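Chain residues, written in single-letter form:
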Amino acid sequence: MTKSNEKELSVEQREGLLKALKTRFEKNMHRHQGVEWANVQARLEANAEKLWSLQEMESTGGEPDVVGHEQGQYIFYDCSAESPKGRRSVCYDREALEARKKHQPENNAIDMATAMGIELLTEEQYRALQQLEHFDKKTSSWVQTPSDIRELGGALFCDYRYGHVFLYHNGASSYYAARGFRGSLKV
């Protein structure tokens, strides 16, 4: 299989994903007021690799949905109520994973996101997502961490508790069953 074909969906997968995305889009119009599904679908159908990334988001429990539109692109974020189940129990990045001598997690957030063709949300994006509705009431999600914090061994994560978004720090090599990551994708 050539590299270009590795990130393509079968006709059945493509149709199933588009149907799921359309249903979610129509059920959650408050997330993307003024955006028409026909335009989103046209962009998706013209970008097979992005559709593959959305399938990866979907298959790991992210429930991706359109949350904005800028510079001719639609912005998708993971909109699952809690941090995506298929992306939990991961440390922050490869360096943190390799630093753990005992009880290493199976993966890390940065490598997983890169393999999926998405990016971790920034703190700003996470806070914007919480303006649409409240997510991560029981879980938490790694967010992009500034290099100066990461160089000192830390990483950042967010959650929603007590009516507020909280930004916390932890060692980048830590991992918990209730912590995963949310991603973003521009199409």
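Shown above is the structure to which this text applies.
Quick notes on the rules
Residues numbered from 1 in each chain as written. Predicted model: local features only at pLDDT ≥ 70, side-chain atom pairs only at ≥ 80, totals over all residues. Heavy atoms only, no water. Helix = DSSP H or I, 4+ residues; strand = E, 2+ residues; numbered from the N terminus. Buried < 20%, exposed > 50% of the residue type's maximum accessible area, 1.4 Å probe, protein only. Contact = heavy atoms within 4.5 Å. Pairing = 2+ DSSP bridges. Axes fitted to C-alpha atoms, helices over the stretch in contact; angles between N-to-C directions. Arc of directions from axis to C-beta. Polar contact = N/O pair within 3.5 Å; in protein donor to acceptor, adjacent residues only side chain to side chain.

Q: Looking at this structure, how should I read the environment of Leu97?
A: For Leu97, the location among the structural elements is in helix α5 (residues 94–99). Given a relative accessible area of 8%, Leu97 falls into the buried group. Beyond its immediate sequence surroundings of up to four residues, Leu97 is in contact with Cys91, Gln104, Pro105, Asn107 and Asn108.

Q: Please explain the sheet that holds strand β3 (residues 119–120) as it appears in this structure.
A: Hydrogen bonds along the backbone pair up the strands of a sheet, which may run parallel or antiparallel. In spatial order, the strands read β1-β2-β8-β3; together these four strands make up an open sheet with antiparallel pairing. Of all strands in the sheet, those bounded by a partner on one side alone are β1 (64–70) and β3. Across three bridges, strand β2 (residues 73–78) lies against strand β8 (residues 183–186) in antiparallel orientation. Looking at the pairing, Tyr77 lines up with Ser184 of β8. Those strands touched by helix α4 (residues 48–59) are β1, β2 and β8, and its axis lies near 160° from that of β8.

Q: I would appreciate a short explanation of helix α6 (residues 109–116) in the present structure.
A: Side chains of residues three or four places apart in an α-helix project in the same direction, reflecting 3.6 residues per turn. Among the residues of α6, Ala109, Met112, Ala113 and Met116 are the ones counted as buried. Within α6, the buried residues cover an arc of 95° as seen down the axis, which keeps them to one side. If you follow the buried residues of α6, they end up packed against α4, β3, β4 (140–143) and β7 (179–181). The backbone nitrogen of Ile110 has a side-chain oxygen 3.3 Å away, supplied by the residue at the start of α6, namely Asn108. Downstream of α6 by one or two residues, Gly117 has phi in the positive range, about 80°.

Q: Explain the sheet that holds β4 to me, please; I cannot follow it from the model alone.
A: Across the sheet, which stays open at both edges, the four strands sit in the order β6-β5-β4-β7 with mixed pairing between neighbours. Of all the strands in the sheet, the pair left with one neighbour each is β6 (164–171) and β7. The average undirected angle you get between the axes of adjacent strands in this sheet is 40°. Pairing between strand β5 (residues 154–161) and β6: eight bridges, direction antiparallel.

Q: I'm lost on helix α7 (residues 123–132) in this one. Help?
A: Buried within α7 we find Gln125, Tyr126, Leu129 and Gln130. Looking straight down α7, one finds that the buried residues subtend no more than 145° of arc, so they occupy a single side. Pointing more than 90 degrees away from the buried face of α7 are the exposed residues Glu124 and Gln131.

Q: Explain the environment of Tyr74 here, please?
A: Its place among the elements puts Tyr74 in strand β2. According to the relative accessible area criterion, Tyr74 is buried, its value standing at 8%. Considering only alpha carbons, one finds Tyr74 and Val40, 34 residues apart in sequence, at a separation of 7.0 Å. Contact partners of Tyr74, with chain neighbours within four places excluded, come to Val35, Asn39, Val40, Arg43, Val66, Gly68, His69, Leu185, Lys186 and Val187.

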